[in-house]
Amino acid sequence: MLKKVLFAASTSVAFCGAAVAADIPARKAPASVYTNPAPVSRWDGFYVGVHGGYASSDVDIFLVAPGSGSPNGGFGGFQIGYNYLFTPNWLLGAEVDASFGSLRDNTSPSPANFKIDAFGTIRGRLGYVYGPWLFYGTAGTAWAKSELNAAGGFITADRTNVGWTAGGGLEYAFAPNWSAKAEYLYADFGEARRSFPFVGNLHTDLTMSMGRLGLNYR
């Protein structure tokens, strides 16, 4: 009798265990976790581009008598540079550019023709990246090739003026390798002197403001 009771109990326990096991879903192997690759920066590395804009300058001269003028006009040129993101949002860069145009004016009351046909800059940039936008300040060295004619062409002074420049701008990355920018620069080339026989010394003081739009390719 005891054997029959034990057999019945063991059979019931086995049956219940099988039923419970059937109700528990089978454990699946863990799925592999997919992570997106790190985003490719729109700003790091070398770039080249073109630009165009408008420049206005102020020149003061003294040759026997004082005079002043405002050579201005359009220009176009190219740039090459390098950007380095040292944090996810902060950028350091360097840029070299050259521009060509014809900025002219006649000074008065001391009459002379003053023109600038080429200028450029070598600058550092510090910028903040916000999504596809880059906001930056910039400063460095500027140069401008100028020519002055006075006294009916008897006095001619060609000079490469060198000074400092500073400004800022914003740039928008509209494609993985392309960006467009708007920029303003101010340049001060200081005072230059040159002596002419029988006439005396020529003093020139030149400043320039430049606004331009550009297109860059990385």
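Structure shown above.
What comes next is a walk through the structure. In this text the structure is predicted, and so the values were computed from the model without any measurement. (Residues numbered from 1 in each chain as written. Predicted model: local features only at pLDDT ≥ 70, side-chain atom pairs only at ≥ 80, totals over all residues. Heavy atoms only, no water.)

So, on to the environment of Asp-205. Along the chain, Asp-205 falls in strand 9 (residues 200–217). The sequence separation of Asp-205 and Val-59 amounts to 146 residues, and the corresponding C-alpha distance is 5.5 Å. Sequence-distant contacts of Asp-205, that is, excluding residues within four places in its chain, are made with Asp-58, Val-59, Asp-60, Gly-190 and Glu-191. (Helix = DSSP H or I, 4+ residues; strand = E, 2+ residues; numbered from the N terminus. Contact = heavy atoms within 4.5 Å.)

Our next topic: the pattern of salt bridges. According to the stated counting rule, one finds 12 salt bridges in the structure shown. Asp-117 serves as the salt-bridge partner of Lys-145, at 3.8 Å between the closest nitrogen and oxygen. Of the two residues, Lys-145 sits in strand 6 (residues 133–150) while Asp-117 sits in strand 5 (residues 112–130), which places them 28 residues apart along the sequence. Glu-171 is the salt-bridge partner of Arg-218, the closest N and O atoms lying 3.5 Å from each other. Pair noted here: Arg-218 is in the segment after strand 9 and Glu-171 is in strand 7 (residues 155–175), with a separation of 47 residues, a long-range link. Looking at Arg-218, the relative accessible area reads 14%, which means it is buried. Assessed through its relative accessible area of 0%, Glu-171 is described here as buried. (Salt bridge = Lys/Arg side-chain N within 4 Å of Asp/Glu carboxyl O. Buried < 20%, exposed > 50% of the residue type's maximum accessible area, 1.4 Å probe, protein only.)

Let's shift gears to the side chain of Arg-212. Among the secondary structure elements, Arg-212 is positioned in strand 9. Exposure remark for Arg-212: the relative accessible area of 4% places this residue in the buried category. Within the structure, the side chain of Arg-212 is placed 3.5 Å from the side chain of His-51, a separation counted as a polar contact. In this structure the side chain of Arg-212 is engaged in a polar contact, spanning 2.8 Å, whose partner is the side chain of Glu-183. (Polar contact = N/O pair within 3.5 Å; in protein donor to acceptor, adjacent residues only side chain to side chain.)

Moving on, we come to the layout of surface pockets. Over the atoms rolls a probe the size of a water molecule, and in doing so it shows where empty space is left. Of the voids in this model, the largest pocket is the one considered here, and its volume is about 160 Å³. For the largest pocket, the lining is made up of 14 residues, of which Ala-157, Arg-159, Ala-192, Leu-202 and Thr-204 are closest to its centre. Secondary-structure elements contributing two or more residues to the lining of the largest pocket are strand 6, strand 7, strand 8 (178–196) and strand 9. Ranked by residues supplied to the lining of the largest pocket, first place goes to strand 7 with 4 residues. Here the lining of the largest pocket is composed, by residue class, of 6 nonpolar, 3 polar and 5 charged. (1 Å grid on protein atoms, 1.4 Å probe; cavity = no way out; pocket = protein on both sides within 12 Å on 5 of 7 lines; lining within 4 Å. Points joined across faces, edges and corners; volume = space filled by probe spheres on them. Nonpolar A, V, L, I, M, F, W, Y, C, P; charged D, E, K, R; others polar.)

With that settled, the discussion passes to the side chain of Ser-179. Topologically, Ser-179 is positioned in strand 8. We classify Ser-179 as buried; its relative accessible area is 0%. At 2.6 Å, the side chain of Ser-179 and the side chain of Glu-171 are in polar contact. When residues no more than four places from it in sequence are discounted, the contact partners of Ser-179 are Trp-43, Glu-171, Tyr-172, Ala-173, Phe-174, Gly-214, Leu-215, Asn-216 and Arg-218.

Another point: the packing of aromatic side chains. All told, the structure shown has 7 aromatic pairs when counted by the stated rule. Between Trp-90 and Tyr-128 the ring centres are 5.1 Å apart and the planes differ by 70°, which places this aromatic pair in the edge-to-face class. One end of the pair, Trp-90, is in strand 4 (residues 90–109); the other, Tyr-128, is in strand 5, and 38 residues separate them in sequence. Since its relative accessible area comes to 38%, Trp-90 is described here as partly exposed. Ring geometry for Trp-133 versus Tyr-172: centroids 4.6 Å apart, planes at 45°, classification tilted. Here Trp-133 is found in strand 6, whereas its partner Tyr-172 is found in strand 7, with 39 residues between them in sequence. Look at Trp-133 and you get partly exposed, because its relative accessible area is 33%. For Tyr-172, a relative accessible area of 33% puts it in the partly exposed group. Members of the aromatic cluster, joined through ring pairs, are Trp-133, Phe-135 and Tyr-172. For Arg-125, the ring lying beneath its charged end belongs to Tyr-136, and the centroid distance is 4.4 Å. (Phe/Tyr/Trp six-rings, centres within 6.5 Å; stacked < 30°, edge-to-face > 60°. Lys NZ or Arg CZ within 6 Å of the ring centre and 35° of its normal.)

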